[in-house]
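# Descriptive analysis of the structure
For reference, the chains in residue letters:
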Amino acid sequence: MEANEASELKEQAEKGGESALRPVAFTMSVLAVLVAVTTVLGHRAETRAVLKRGDATDVWNLYQAKHIRDYETDIAAKLLKDLAVADKDGAAKHAKEFADHRAKWAVEMPEEEKEAQALVDDVKQAEDKAKFFDLAETLLEIGLVVSSVTLLTRSRIYWYLGIGASAIGVASVVWGLLIK
């Protein structure tokens, strides 16, 4: 065998090694895209949780304010009833207004409590989704890094391990998307 033939064989072997690693490189590209998409999904789920928590806080604050006003109105109505007042007609008018407010709040407060609880449930759901997306992002990144070790070592075991971690990450994304 001549020297130039040996160098040609060596070049072909090296090219063959590079083409054998093309699936690894392609897998890494796909994993990078999946990491990016999963990161966006996680951030959106976390943002939704924060916004829903703010909405729930607003409704709970309204409920609490009405509860306090109801309590204070009850005390004022009792005082008007129990204490001697100079203007009995004015006191009766105020007592009627207080009773009307309390009747209105008695209807509104349970509805607001239900609404606030529904918003709290939405917060929990969004947080659950975010947890699955965060787990998926971590597993996909691990899969990407472990797969990249294949390029350095030329040992496919790392590629298979990376695919395994990534498959679990993809399952976590799917699970997060299925949470209603």
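Our structure's up above, just so we're on the same page.
Bear in mind the structure is a predicted one, so any value in this text is a computation, not a measurement.

What counts and how
- Residues numbered from 1 in each chain as written.
- Predicted model: local features only at pLDDT ≥ 70, side-chain atom pairs only at ≥ 80, totals over all residues.
- Heavy atoms only, no water.
- Helix = DSSP H or I, 4+ residues; strand = E, 2+ residues; numbered from the N terminus.
- Rg over C-alpha atoms; globule rule 2.2 N^0.38 Å.
- Buried < 20%, exposed > 50% of the residue type's maximum accessible area, 1.4 Å probe, protein only.
- Areas by Shrake-Rupley, 256 points an atom, 1.4 Å probe, with all protein chains shown as cover.
- Lys, Arg positive; Asp, Glu negative; His and termini not counted.
- Charge placed at Lys NZ, Arg CZ, Asp CG, Glu CD.
- Contact = heavy atoms within 4.5 Å.
- Salt bridge = Lys/Arg side-chain N within 4 Å of Asp/Glu carboxyl O.
- Expected span 1.5 Å × (residues − 1).
- Bend = angle between axes of the 7 residues up to and from the residue.
- Phe/Tyr/Trp six-rings, centres within 6.5 Å; stacked < 30°, edge-to-face > 60°.

This part takes up the overall build of the protein. Per the secondary structure count, the protein includes 4 helices and 0 strands. Counting from the amino terminus, the protein carries its helices and strands in the arrangement α-α-α-α. For the protein, the C-alpha radius of gyration of 33 Å lies well beyond 16 Å, the compact-globule estimate for 180 residues. The principal-axis extents of the C-alpha atoms in the protein amount to approximately 125 × 20 × 15 Å. Put simply, the protein has 180 residues, and 27% of those count as buried. Working note: accessible area of the protein is about 12,000 Å², and carbon and sulfur atoms make up 63% of it. Charge centroids of the protein, computed over 23 positive and 29 negative side chains, lie 4 Å from each other.

Examined against the element boundaries, Lys104 turns out to sit in helix α3 (residues 88-153). Of the residues examined, Lys104 reaches a relative accessible area of 47% and is grouped as partly exposed. In this structure, the C-alpha to C-alpha distance between Lys104 and Pro23, residues 81 residues apart in sequence, is 68 Å.

Turning to the environment of Ala56, a few remarks are in order. Tracing the backbone through its elements, the reader meets Ala56 in helix α2 (residues 22-82). C-alpha separation for the pair Ala56 and Ala130, spaced 74 residues apart in sequence, amounts to 18 Å. Every residue in contact with Ala56, bar those within four places of it in the chain, is listed here: Ala116, Leu119 and Val120.

In this section: the pattern of salt bridges. In total, this model carries 9 salt bridges according to the counting rule given. Here Glu127 makes a salt bridge to Arg53, at a shortest N to O gap of 2.1 Å. On the criterion of sequence distance, the pair formed by Glu127 in helix α3 and Arg53 in helix α2 is long-range, its members being 74 residues apart. Taking relative accessible area as the criterion, Arg53 reaches 38% and is therefore assigned partly exposed. A salt bridge links Glu108 to Lys66; the nearest nitrogen and oxygen atoms lie 2.4 Å apart. On the criterion of sequence distance, the pair formed by Glu108 in helix α3 and Lys66 in helix α2 is long-range, its members being 42 residues apart. The network of salt bridges with shared partners includes Lys66, Lys104, Glu108 and Glu112.

In this model α3 runs 95 Å from its N-terminal to its C-terminal C-alpha over 66 residues, within 8% of the 98 Å that 1.5 Å per residue would give. Maximum bend of α3: about 25°, positioned at Ala106, with proline Pro110 one to four residues after it. A positive backbone phi angle near 60° is found at Arg154, which sits one or two residues after α3.

Applying the stated criterion across every chain, the model contains 3 aromatic pairs. Measuring from centroid to centroid gives 5.8 Å for Trp60 and Tyr63, while their planes differ by 85°, and the two rings are edge-to-face. Of this pair, Trp60 and Tyr63 both sit in helix α2, separated by 3 residues, roughly a single helical turn. We classify Trp60 as partly exposed; its relative accessible area is 27%. With 5.5 Å between their ring centres and 35° between their planes, Trp159 and Tyr160 make a pair best called tilted. Judged by its relative accessible area of 11%, Trp159 is buried. What makes Tyr160 partly exposed here is its relative accessible area of 48%.

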